[in-house]
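Residues per chain are reported as follows:
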Amino acid sequence: MRWQGRRTSRNIEDRRGRRMTGGPAKLGGIGLLAVVLIGAFLGVDVTPFLGGGGMSPAPAPTGPNQIDDSSEEFVAVVLADTEEVWGEIFRNSNLQYMEPKLVLFTGRTSSACGLADAATGPFYCPNDQQVYLDTDFFRIMDTELGARGDFAKAYVVAHEVGHHVQNLLGTLEDSNRLRAQSSQAESNAISVRVELQADCYSGLWARAVQDQFGVLEPGDIEEALNTAARIGDDALQRASRGVVVPDSFTHGTSDQRQRWFAAGYQTGDPQACDTFSARGL
C-alpha cells in the first residue's frame, strides 16, 4: 500500500508513553494467551473483560495531532482514507458521517468501555465512538500471527472503523438488544454476523481506496485475506485449544471472514454486506 506522504487524519489522539494508575483490565477466567489469540484480534466485544475500579481519569486530549513516527503516520493515513470513503458513502445516502477518533496507547489506557491494556488488542468502544490501538499489536501480527504487510495492518484499522459505521447506523444497538434476549449460542451467532459485516465493510473500503486513490499494490488484498484466514475462530481455537467448538464462535471461521471481505471488495456495495439477511454465511 502506497501510504507515505499522503493526507493524515487529525482524529488521532496519541497517549503512548502515558502512565495509567489502577489495576489491569479484569480478564475473569480467560488467560492472557486466550485474550491475545481470540479476544484481541479484530473487533471482539471486549467490554466484558474491561474492569472498572481504581483507574485514574482519562488523560486530557493531546490537541491538534502531531505525527511523531512512521507507525502513527501509517495509522493516520489509513484513518484519513476511511474518512474519505465513508464520508462519501454516507453523503450518497443523505446521511452525515461522524468521524471517529483513534486513540494510540501503550500498556494500558482508559475508555468509556473501561480500562484497556495491551492484551485486549484493537477494539472499538461505541460509548465514546473511539477506536483504541496499541501499536505494539502490529509487531504481534508480524511475529506471532504471521499476518504481515502494510495492508494487513490497514485491514485491522478498517475493520474497527467498520464497527463505528455499524454504530452510526444502529446495527450495534439492534444486535446488542437481540443478544441480550438470546441464549448464549444464539448470542454468539449474532456476534458472528456483526463481525463478518465489519469484515465486509473493510473489503468495501479497500475497493473504494483503490478506485479513488489507486494506492493498492500487488499482494495487498492477499495480505488482508491471509490475515482474515489466520483470525478465524476455527483457526484460533485450533491453535490455542487443539479443538474447535462451533457454538462458541463469535467472529466467524477463516473461510467466512475471507469470503465476506472479498464480497465487500468485489462489489463495492454496502448492500452486499447485509450479513443479517444472508441465509448462509
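Keep in mind the model is a prediction, meaning the values are calculated, not measured. (Residues numbered from 1 in each chain as written. Predicted model: local features only at pLDDT ≥ 70, side-chain atom pairs only at ≥ 80, totals over all residues. Heavy atoms only, no water.)

### Side note on the pattern of salt bridges
As a reminder, the rule being used: Any carboxyl oxygen of Asp or Glu that lies within 4 Å of a side-chain nitrogen of Lys or Arg is treated as forming a salt bridge with it. Each helix corresponds to a stretch of at least 4 residues labelled H or I by DSSP, and each strand to a stretch of at least 2 residues labelled E; elements are numbered beginning at the N terminus. Relative accessibility under 20% of the residue-type maximum defines a buried residue, over 50% an exposed one, and the middle range a partly exposed one, all with a 1.4 Å probe and only protein chains included.
Applying the stated criterion across every chain yields a total of 13 salt bridges. Linking Glu72 and Arg16 is a salt bridge whose minimum nitrogen-to-oxygen distance equals 3.1 Å. With Glu72 in helix α2 (residues 70–92) and Arg16 in the loop between β1 (12–14) and α1 (32–39), this pair connects stretches of sequence that are 56 residues apart. For Asp255, the salt bridge identified is with Arg259, shortest N-O distance 1.9 Å. You can see Asp255 and its partner Arg259 sitting in helix α9 (residues 254–267), 4 residues apart, about one turn around the helix. Overall, the relative accessible area of 40% leaves Arg259 in the partly exposed class.

### A look at the confidence of the model for the protein chain
Applicable threshold: For every residue, the predictor states its confidence as a pLDDT score lying anywhere from 0 to 100. In this analysis, two residues are considered to be in contact whenever any of their non-hydrogen atoms come within 4.5 Å of each other.
With 82% of its residues at a pLDDT of at least 70, the protein chain reaches an overall mean of 83. Predicted confidence for residues 21–64 stays below pLDDT 50, and this span has 108 contacts to residues more than four positions away or in other chains.

### Focus on helix α6 (residues 184–213)
The line we're drawing: For a helix, the expected span equals 1.5 Å multiplied by the number of residues minus one.
Here α6 is 30 residues long and its end C-alpha atoms lie 43 Å apart, about the 44 Å a rise of 1.5 Å per residue gives. Gly214 sits one or two positions beyond α6 and adopts a positive phi of about 60 degrees.

### Brief notes about the side chain of Ser202
As for its placement among the helices and strands, Ser202 is situated in helix α6. On the accessibility criterion, Ser202 (1% relative accessible area) is buried. With near-sequence residues (within four places) excluded, Ser202 lies in contact with Tyr155, Ala158, His159 and Phe261.

### So, the environment of Trp260
Position of Trp260 among the secondary structure elements: in helix α9. Judged by its relative accessible area of 9%, Trp260 is buried. Counting along the chain gives 65 residues from Trp260 to Glu195, while the straight-line C-alpha distance between them is 9.7 Å.

### Focus: the nonpolar core
Keep this limit in mind: Buried Ala, Val, Leu, Ile, Met, Phe, Trp, Tyr and Cys residues that are joined via side-chain atoms within 4.5 Å together make up what is termed a nonpolar core.
Core analysis: the biggest nonpolar cluster contains 57 residues, and Val75, Trp86, Leu102, Met141, Phe151 and Trp205 have the highest contact counts within it. If near-sequence neighbours (up to four positions away) are discounted, Trp205 is found in contact with Met1, Val78, Asp81, Thr82, Val85, Phe151, Ala154 and Ala158.

### Side note on the packing of helix α4 (residues 150–169) against α6
Any two packed helices are characterised by the angle at which their axes cross and by the distance between the axes. Convention followed: To obtain each axis, a line is fitted to C-alpha atoms, and for helices this fit is confined to the stretch in contact; angles are then taken between N-to-C directions over 0 to 180 degrees. Crossings are sorted by hand: turned counterclockwise from the far helix by less than a right angle, the near helix makes the crossing left-handed, and turned clockwise it makes it right-handed. Under the convention adopted here, Pro, Cys and the residues Ala, Val, Leu, Ile, Met, Phe, Trp and Tyr are nonpolar, Asp, Glu, Lys and Arg are charged, and Gly plus all remaining residues are polar.
Relative orientation of the contacting elements α4 and α6 amounts to 115 degrees, with a least axis distance of 8 Å. For the pair α4 and α6, the sense of crossing is right-handed. Side by side, α4 and α6 meet where Phe151, Ala154, Tyr155, Ala158, His159, Gly162, His163, Val165, Gln166 and Leu169 of the first sit next to Val194, Glu195, Gln197, Ala198, Asp199, Tyr201, Ser202, Trp205 and Ala206 of the second. Residues belonging to the contact of α4 with α6 are distributed by class as follows: 11 nonpolar, 6 polar and 2 charged.

### Looking at the state of the cysteines
Simply put, the disulfide is a covalent bond whose two ends are the sulfur atoms of two cysteines. Applicable threshold: In this description, the term disulfide denotes a pair of cysteine sulfurs within 2.5 Å.
What the rule picks out here adds up to 2 disulfides. With a sulfur-sulfur separation of 2.2 Å, Cys113 is cross-linked through a disulfide to Cys125. One quick way to see it: the torsion about the S-S bond of Cys113 and Cys125 is about 95 degrees, and its sign makes the bridge right-handed. With Cys113 in the loop between β3 (108–111) and β4 (114–117) and Cys125 in strand β5 (residues 123–125), the pair connects residues that are 12 residues apart, well separated along the chain. We classify Cys113 as buried; its relative accessible area is 9%. Between Cys200 and Cys273 runs a disulfide, and the two sulfur atoms are separated by 2.1 Å. Handedness of the Cys200-Cys273 disulfide follows from its S-S torsion of about -75 degrees: it is left-handed. One end of the pair, Cys200, is in helix α6; the other, Cys273, is in the segment after α9, and 73 residues separate them in sequence. Considered together, Cys200 and Cys273 belong to a single accessibility category, that of buried residues. Taken N- to C-terminal, the disulfide-bonded cysteines of the protein chain are connected 1-2, 3-4.

### Some words on the packing of aromatic side chains
We count it as follows: By convention, a stacked pair of Phe, Tyr or Trp rings (six-membered ring in the case of Trp) has centres within 6.5 Å and planes under 30 degrees apart, an edge-to-face pair has planes over 60 apart, and any other such pair is tilted.
Evaluation of the coordinates by the stated rule reveals 8 aromatic pairs. Residues Phe74 and Phe138 carry aromatic rings whose centres are separated by 6.3 Å and whose planes lie at 80 degrees to one another, so their mutual orientation is edge-to-face. Taken together, the positions of Phe74 in helix α2 and Phe138 in helix α3 (residues 136–145) put the pair 64 residues apart, joining distant regions of the chain. Residue Phe74 is classed as buried on the basis of its relative accessible area of 4%.

### Some thoughts on the pairing of β3
Applied cut-off: The pairing criterion is simple: DSSP has to find at least two bridges between the two strands.
Relative to β4, β3 runs antiparallel, the two sharing 4 bridges. If you follow Thr109 over to β4, its bridge partner there is Ala116. Between the antiparallel neighbours β3 and β4 lie 2 residues.

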